[in-house]
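# Coordinates in review
In case you want the letters, here they are:
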Amino acid sequence: MSDPDDQFLTPEEVLRMQDSLTGEHREEAARQIEAILRGERRAWYCKRGRKCDGKPHEGYMYSHARGDQWPPPGEDWFAWFLSGGRGSGKTRTGAEYTRRMADRVSRIALIAPTGADIRDTMIEGVSGLQYVCALAGEKIKWEPSKRRVTFPNGCIATTFSAEEPARLRGPQHGFAWLDEPAHYPDIEELWSNLLFGLRLGTRPHVTLTSTPLPTPWVRNIQEREDTRVVRVSTYANIDNLAATFRDQVVAEFEGTRKGRQELYGELLLDVEGALWQEDFLHREPVDWRELDRIVIGVDPAGAANKRSDETGIVVAGRKRDTAWVLHDSTGKYTPRQWSDEVYRLYSLYEADAIVVEKNFGGDMVKDVLLKDQGDLNPRIIVKHAQRSKAISAAPVVRLYEQGRVLHYPPMQNDLSKLEMEMLSWVPSSGAPSPNRIDAMVWAMTELMGNGGVARIATPRGGNIRPTGPLFGFRRSA
Ligand SMILES: Nc1ncnc2c1ncn2[C@@H]1O[C@H](COP(=O)(O)OP(=O)(O)OP(=O)(O)O)[C@@H](O)[C@H]1O
Ligand SMILES: [Mg+2]
Ligand SMILES: [Zn+2]
């Protein structure tokens, strides 16, 4: 532990930090520096937790972490992928979490696309470690020639440029923060080297902060069971952006296809032959308590024609002629575990039926469910998969296309894996239909019929597809 006086920046040091600052976010930097000079201590995570919108409020009279800048809840994830638009606060989020992790592990890896990015963005930039630590009243020791940052408690973070992936072979870490990993030249090698050495402490894990790109690595990592993908749009952070930066990125990307990636952090997947297309998918909030009917679709592992060992579990509801997908709990479960999960959701959403696909074992699925039902006395509808999966999915695809199926997970839940499967499953490829999709199709077919539901004029005027971006923030036009 160094001399405590050494942990705080002198005004001269702060001003030197300011001198080294370049780039778009100088205004915010100036505000931060004033606070540091005033000797303010600014906590990033507030007591409201993930519910906070990050705007100033009592006890925290400055803008601070929004809920989407908190680490995902729980400890059952390995990778936290903050998939954000330009200027959405990715780097700041990574730096703040790294500061927090410095209290929990002794060795950290910091990785950025180039050596210049490490210095100018990760460490010395306006969202970088030097600032976030200074704002918290802490001083780090930054030794560029040793590629090393030392925190006041002695924790050491070593910096790595993605241009030299081999350097990661050997050293061990307990946590790693990768800024913009979707843009590294040789991510595969870097990733495998990193994982090999990521073994210190009780829970090694990584934070990935990046605008997304549909590369195989990004798709793979986002599909992993133990990855949490959080999408954040540029607009969520718009108040904290310098006017010039804001105007420039919005002018360049708003309304364009690329804007969905660059402003909304969406992964653009254009897979030829996929049943669903991106513009079929829409997100619109709904209060699930106001839905007329809610059902749970279940596609158990081990069903015929399945290679997957996951059980698809998807909750969906209907209000008049529009349906919502509310929840996806698909995962690897034992029969006991999936029936527990189905019943948990059944109670949570006050569902009125469980639609389950019959599998190899005949009535086995029903037996599994009945065995654990307790007092619920649920309505269980067993379905036989007879037709090809692509044919049973077709009416549901049409409902999506008409804007009659929307996505909105009101609880802490994530539909990104389902969405990714919908956009990438190509039936004619012979690949078995993913269990998530099947569970969703079962639920939708039960709610909406086989697409044969007569068109009812909606208050919106009938066949109007809700517009707006799929994920996150919708701008009021
Ligand atoms: N919750 C917040 N409260 C206050 N300022 C914030 C918050 N989140 C981010 N910022 C500030 O917003 C600006 C942009 O954030 P940041 O650099 O982290 O975005 P980014 O997504 O990494 O941007 P880029 O696309 O340029 O890499 C910075 O000045 C940062 O300190
Ligand atoms: Mg950044
Ligand atoms: Zn708050």
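Residues numbered from 1 in each chain as written. Chains lettered and ligands numbered in written order. Predicted model: local features only at pLDDT ≥ 70, side-chain atom pairs only at ≥ 80, totals over all residues.

## Observations regarding the environment of Leu376
For Leu376, the position within the fold is in the loop between helix H11 (364-371) and strand S13 (380-383). The class of Leu376 is partly exposed, set by 14 C-beta atoms lying within 10 Å. Ignoring sequence-local partners within four residues, the contact set of Leu376 consists of Tyr343 and Tyr346. (Helix = DSSP H or I, 4+ residues; strand = E, 2+ residues; numbered from the N terminus. Buried ≥ 20, exposed ≤ 12 C-beta atoms within 10 Å, placed from the backbone. Contact = placed C-beta atoms within 7 Å.)

## Some points on the site of ligand 1
As a structural note, the neighbourhood of ligand 1 is formed by 21 residues, with Gly89, Lys90, Thr91, Arg92 and Ser127 the closest of them. At three residues, helix H3 (residues 90-101) tops the list of elements feeding residues into the shell around ligand 1. Of the residues in the shell around ligand 1, the class split is three nonpolar, 13 polar and five charged. (Near = placed C-beta within 6 Å. Nonpolar A, V, L, I, M, F, W, Y, C, P; charged D, E, K, R; others polar.)

## Description of unusual backbone geometry
Not every positive phi belongs to a glycine, and Arg147 is a case in point at roughly 55°. Its place among the elements puts Arg147 in the loop between strand S3 (141-143) and strand S4 (148-150). Taking the C-beta count within 10 Å as the criterion, Arg147 has 16 such neighbours and is therefore assigned partly exposed. For Glu350, which is not a glycine, the phi torsion comes out positive at approximately 50°. Position of Glu350 among the secondary structure elements: in the loop between helix H10 (335-348) and strand S12 (353-357). Given 11 C-beta atoms within 10 Å, Glu350 falls into the exposed group.

## Points about the pairing of S12
Of all the five residues making up S12, four are buried; the element is thus mostly covered by neighbouring parts of the structure. Bridging between S12 and S13 involves four bridges; their strand directions are parallel. Looking at S13, one finds that Ile354 is bridged to Ile380. (Pairing = 2+ DSSP bridges.)

## Some words on the sheet that holds strand S8 (residues 227-232)
Read from one edge of the open sheet, eight strands run S3-S4-S5-S2-S6-S7-S1-S8, paired in mixed fashion. The open sheet has two edge strands, S3 and S8, and neither has a second partner. Neighbour-to-neighbour, the strand axes of the sheet open up by a mean angle of 15°, direction not taken into account. Across three bridges, S4 lies against strand S5 (residues 156-161) in antiparallel orientation. Bridge pairing in S5 links Val149 to Ala157. Sheet contacts for helix H4 (residues 115-123): strand S2 (107-112), S3, S4, S5 and strand S6 (175-179); angle to S2, the most-contacted strand, approximately 110°. (Axes fitted to C-alpha atoms, helices over the stretch in contact; angles between N-to-C directions.)

## Describing the confidence of the model for the chain
Mean pLDDT over the chain: 84, with 85% of residues reaching 70 or higher. Predicted confidence for residues 1-5 stays below pLDDT 50, and this span has four contacts to residues more than four positions away or in other chains. Below pLDDT 50 for its whole length, residues 451-477 participates in 41 contacts with residues either more than four positions away or in separate chains. (pLDDT = per-residue confidence, 0-100.)

## Overview of the sheet that holds S13
Strand order in the open sheet formed by six strands is S13-S12-S9-S10-S11-S14, with mixed pairing between adjacent strands. Every interior strand has two partners, whereas the edge strands, S13 and strand S14 (405-407), have only one. Here the strands of the sheet are splayed against their neighbours by 25° on average, with no regard to which way each runs.

## Focus: the pairing of strand S7 (residues 205-210)
The buried fraction of S7 is high, at five of six residues. As defined by bridge partners, strand S1 (residues 79-84) adjoins S7 across five bridges and the pair is classed as parallel. Following the sheet pairing, Ala79 is matched in S7 by Val206. Sheet topology places S6 next to S7; five bridges connect them, and they run parallel. Within the sheet, the bridge partner assigned to Trp177 lies in S7 and is Thr207. The handedness of the S6 to S7 crossover, carried by helix H6 (residues 187-197), is right-handed. (Right-handed = clockwise from strand over helix to strand, strands pointing away.)

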